[in-house]
Amino acid sequence: MQVFSYKQGERLAEVFNRWGVEYLFIGKSGAVFYGYPDTTQDADIFPAKTPENGRKLAAALRELGYELTLDNENELIAGKDFVQLRSGPFDLDLVFAPDGIETFIAAKARSIIIDNRFPVASLDDIIASKRAANRQKDRESLPRLEAFRDYLRSRNLTALPTNPL
Amino acid sequence: MSALLTSHRRRTQDLLFFLLQVIFWGIRIIKGKINVKAESKQLKEWEREFDAAARNSLLDRMEYLFINTYKLELDNSKFRSFDSIEEYREWCRKNLPEYLGYR
């Protein structure tokens, strides 16, 4: 098992894009794309919850190296709210119904593309989702994450520069 | 004479009451000021961290922000799925140690 890295993110985006998977990065891993400096252990993906997207997602995940049984694939197609994958190149959480976000379409409309390849849920949605989840780890990280959003706003930035001079 | 004493006692009582008010509100203000200072210090510290992050590329940031540690129970299954987020939360409550922060 490797740690999620830029190169793996790049590969995920390339493979997901080729299969036409509808998704957004979300959670703390999504915030990292904005430049939020905090550690995290896995990548969180918010995929659209439709049978067609589930089918594409399963194919893309297999190409990335995740072991998926036929049953696993059927579950992705049938539609689950939350799936944890620990059988591939890096730990991946698929959050089909994140707390605090009404629909995938609404979140996508508010999302941004970072570094021309990474579709990421808006920071407001990431914060709303953490606030609604209200787990201990979310409660602990919220004040700093909100301070980061305010920091970006005060500088009229949507995200920190991906390649500063 | 008695009227003078009563008036003096009243003034002393008023003065004591005033001093108690000053002490009570003074403590509250000082406490408030200390909290504001701590909050502002924390924000400044975070801003310094955000400034530092802004000097790194996304590639570099991702290299050192993603870490891998074994998480008890959570990492014991290759594939785990839940019909609802509530079901997932319930599983976390029942199966994960509190220190992981999933409750």
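The preceding data block contains the structure.
Residues numbered from 1 in each chain as written. Chains lettered and ligands numbered in written order. Predicted model: local features only at pLDDT ≥ 70, side-chain atom pairs only at ≥ 80, totals over all residues. Heavy atoms only, no water.

*Asks:* Describe in detail the pattern of salt bridges, supporting the description with residues and values.
*Replies:* Residues and elements named next belong to chain A. For the structure on display, the rule yields 28 salt bridges over all chains. Between Glu52 and Arg55 there is a salt bridge, with its nearest N and O atoms 3.1 Å apart. Of this pair, Glu52 and Arg55 both sit in helix α3 (residues 51-64), 3 residues apart, which is roughly one turn of the helix. Residue classification places Glu52 among the partly exposed positions, given a relative accessible area of 43%. (Salt bridge = Lys/Arg side-chain N within 4 Å of Asp/Glu carboxyl O. Helix = DSSP H or I, 4+ residues; strand = E, 2+ residues; numbered from the N terminus. Buried < 20%, exposed > 50% of the residue type's maximum accessible area, 1.4 Å probe, protein only.)

*Asks:* Outline the interface of chain A and chain B, listing residues and values.
*Replies:* With 53 residues of chain A at the contact, the number on the chain B side is 41 residues. A combined buried area of about 4300 Å² lies between chain A and chain B, and 58% of that area is made up of carbon and sulfur atoms. It is A:Gln41, A:Phe82 and A:Gln84 in chain A that bury the most area against chain B; as a group they hold 16% of the surface buried on that side. Applying the counting rule to chain A against chain B returns 4 salt bridges. Here B:Glu49 and A:Arg144 are joined by a salt bridge, their closest N and O atoms 2.6 Å apart. In this assembly, chain A and chain B are joined by 17 residue pairs in polar contact (both at pLDDT 80 or more). Elements that contribute at least two residues to the side of chain A that touches chain B include exactly α2 (27-34), α4 (70-78), β3 (82-85) and α7 (136-154) of chain A. Here the side of chain A that touches chain B gets 8 residues from one element, more than from any other, and that element is α7(A). Of the residues that constitute the side of chain A that touches chain B, the class distribution is 24 nonpolar, 14 polar and 15 charged. The pairing of β3(A) with strand β1 (residues 79-82) of chain B spans 4 bridges and is antiparallel. (Contact = heavy atoms within 4.5 Å. Buried area = accessible area lost by both parts, 1.4 Å probe. Polar contact = N/O pair within 3.5 Å; in protein donor to acceptor, adjacent residues only side chain to side chain. Nonpolar A, V, L, I, M, F, W, Y, C, P; charged D, E, K, R; others polar. Pairing = 2+ DSSP bridges.)

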